[in-house]
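Spelled out, the chains give:
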Amino acid sequence: MKFEILNQPMRRSLRRSLRAVMSAGAIVLGLAATFAHAQTAKDPATLRVALLPDENASTLIQNAQPLKLYLQQQLKKNIEIIVTTDYSSMIEAMRFGRIEVAYFGPFSYVLARTRAPEIEPFAVGVERGSPTYQSILIANAAGPVKTLADVRGKPFGFGDQASTSSHLVPRAHLLKKAGLDGEKDFKPVHLGAHDAVARAVQAGQVPAGALSKAIYDNLVSRNTIDASKLVTLDVSAAIPNYPIVMQGNLAPALKHALRDAFLGMKDKEVLKSFRVEGFVATDDATYNVLRETAQVLRLDIAKMK
């Protein structure tokens, strides 16, 4: 085989040809990627918006009607408000694309993100000027629990296992403040929704329990529970507030519109759906503290429902 050495003009011509081919290839690949994204990016006519089932479902849906109207006006789409039966079913609905937007509890978001890493938190509620809230630990005023230490050897009421302020945080609080391990020092009783915990403690069905302080205050203000029959044992440190989360495969323009709609939400009647004063931007890293709390409690979040 005979090889010839290219002269300078020939080498320049070859380099130009190669650059042209590479440039054309890049354009083709770019167009293919754009087309693939366009094929997967979703812009549905109806957006399914799920609210965390931390209270009675019918109450949540009724209170969310102003939110539904607001989002319809802002997004120019049909809005369907959904309240799932429990935290686990909401996580699965997000995982399998049966809802587009969700108002997760902080820890249930962490669990959902473990199963669906493509979902995106983009807004977080602000209460009293801070994007945080607290858990409150309460006891029946006439019952045997007067201090955290008195919880030892007794039932303690929690909400859903995936709840932040009605399970993860108060369970860690009992361990840190009173040295009480839920695996051996008391009996965890999971009652589902936050309001179910408050009612059970008031009725003496469990001597003590924990729930979101914001929900507790709301239940008291609505006379749903009688504060005179309950005592506060303690409140937790600040917890990152509930995030608004969207599917990662939504069309960019829709994502932008959703951010604008929530971050620009000012109507008090609409904000009542979330028990907040407004929303600010957030991201996944904000919720690392809950992943660390789960590690302290030796909880395997990859296996939790």
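Just so it is clear, the structure is predicted and the values come from calculations on it, not from any experiment.

K.L.:
For this particular structure, what's the right way to read the pattern of salt bridges?
P.N.:
Should their charged atoms come close, side chains of opposite charge can pair. Per the stated rule, a full pass over the model turns up 19 salt bridges. Of the charged contacts in the structure, one is a salt bridge between Glu55 and Arg222, with a shortest N-O distance of 3.4 Å. One end of the pair, Glu55, is in the loop between strand S1 (46-51) and helix H2 (57-63); the other, Arg222, is in the loop between helix H8 (213-221) and strand S10 (230-235), with 167 residues separating them in the sequence.

K.L.:
I tried to follow the nonpolar core on my own but got confused; where do I start?
P.N.:
Here is a general trend for soluble globular proteins: nonpolar side chains tend to be buried in one another's company. Among the nonpolar cores identified, the biggest contains 77 residues, and Leu258, Phe262, Phe274 and Phe279 are the most heavily contacted of them. Excluding residues within four positions of it along the chain, Leu258 makes contact with Leu47, Leu75, Val101, Phe122, Met246 and Leu250.

K.L.:
In this structure, what is going on with the packing of aromatic side chains? I would like to understand it.
P.N.:
For any two aromatic rings, the description comes down to two numbers: the centre-to-centre distance and the angle of the planes. Taken as a whole and assessed by the stated rule, the structure comprises 11 aromatic pairs. Between Tyr103 and Tyr242, the ring centres sit 5.2 Å apart and the planes meet at 35°, which makes this aromatic pair tilted. Taken together, the positions of Tyr103 in strand S3 (residues 101-103) and Tyr242 in the loop between strand S11 (239-240) and strand S12 (243-246) put the pair 139 residues apart, joining distant regions of the chain. Grouping residues by exposure puts Tyr103 and Tyr242 together as buried. Look at Phe122 and Phe262: their rings are 5.7 Å apart centre to centre, the planes differ by 75°, and that puts the pair in the edge-to-face class. Of the two residues, Phe122 sits in strand S4 (residues 120-126) while Phe262 sits in helix H9 (residues 252-263), which places them 140 residues apart along the sequence. Phe262 matches Phe122 in its accessibility class, with the two residues each being buried. Among the aromatic residues, those joined into a cluster by ring pairs are Tyr103, Phe122, Tyr133, Tyr242, Phe262, Phe274 and Phe279.

K.L.:
Looking at this structure, how should I read the sheet that holds strand S2 (residues 78-83)?
P.N.:
Within a sheet, adjacent strands bond to each other through the backbone by hydrogen bonds, running parallel or antiparallel. Pairing is mixed across the open sheet formed by six strands, whose spatial order is S2-S1-S3-S12-S4-S13. Two strands bound the open sheet, and with one partner strand each, they are S2 and strand S13 (278-281). The mean inter-strand angle of the sheet, taken between neighbouring strand axes irrespective of direction, is 25°. Relative to S12, S3 is paired through three bridges, and the arrangement is antiparallel. By the bridge assignment, Val101 is partnered in S12 with Met246. Each of S1 and S2 touches helix H3 (residues 65-75); the most contacted strand, S2, lies at about 145° to it.

K.L.:
Just to check I follow, could you spell out the pairing of S4 for this structure?
P.N.:
Extensive coverage of S4 is indicated by the burial of six of its seven residues. Of the strand pairs in this sheet, S4 and S12 are connected by four bridges, and their pairing is antiparallel. Each residue of the ladder has a partner; that of Val124, found in S12, is Pro243. With four bridges connecting them, S4 and S13 associate as antiparallel partners. Bridge pairing in S13 places Val124 opposite Val280.

Cut-offs and rules
- Residues numbered from 1 in each chain as written.
- Predicted model: local features only at pLDDT ≥ 70, side-chain atom pairs only at ≥ 80, totals over all residues.
- Heavy atoms only, no water.
- Salt bridge = Lys/Arg side-chain N within 4 Å of Asp/Glu carboxyl O.
- Helix = DSSP H or I, 4+ residues; strand = E, 2+ residues; numbered from the N terminus.
- Core = buried A, V, L, I, M, F, W, Y, C linked by side-chain atoms within 4.5 Å.
- Buried < 20%, exposed > 50% of the residue type's maximum accessible area, 1.4 Å probe, protein only.
- Contact = heavy atoms within 4.5 Å.
- Phe/Tyr/Trp six-rings, centres within 6.5 Å; stacked < 30°, edge-to-face > 60°.
- Pairing = 2+ DSSP bridges.
- Axes fitted to C-alpha atoms, helices over the stretch in contact; angles between N-to-C directions.

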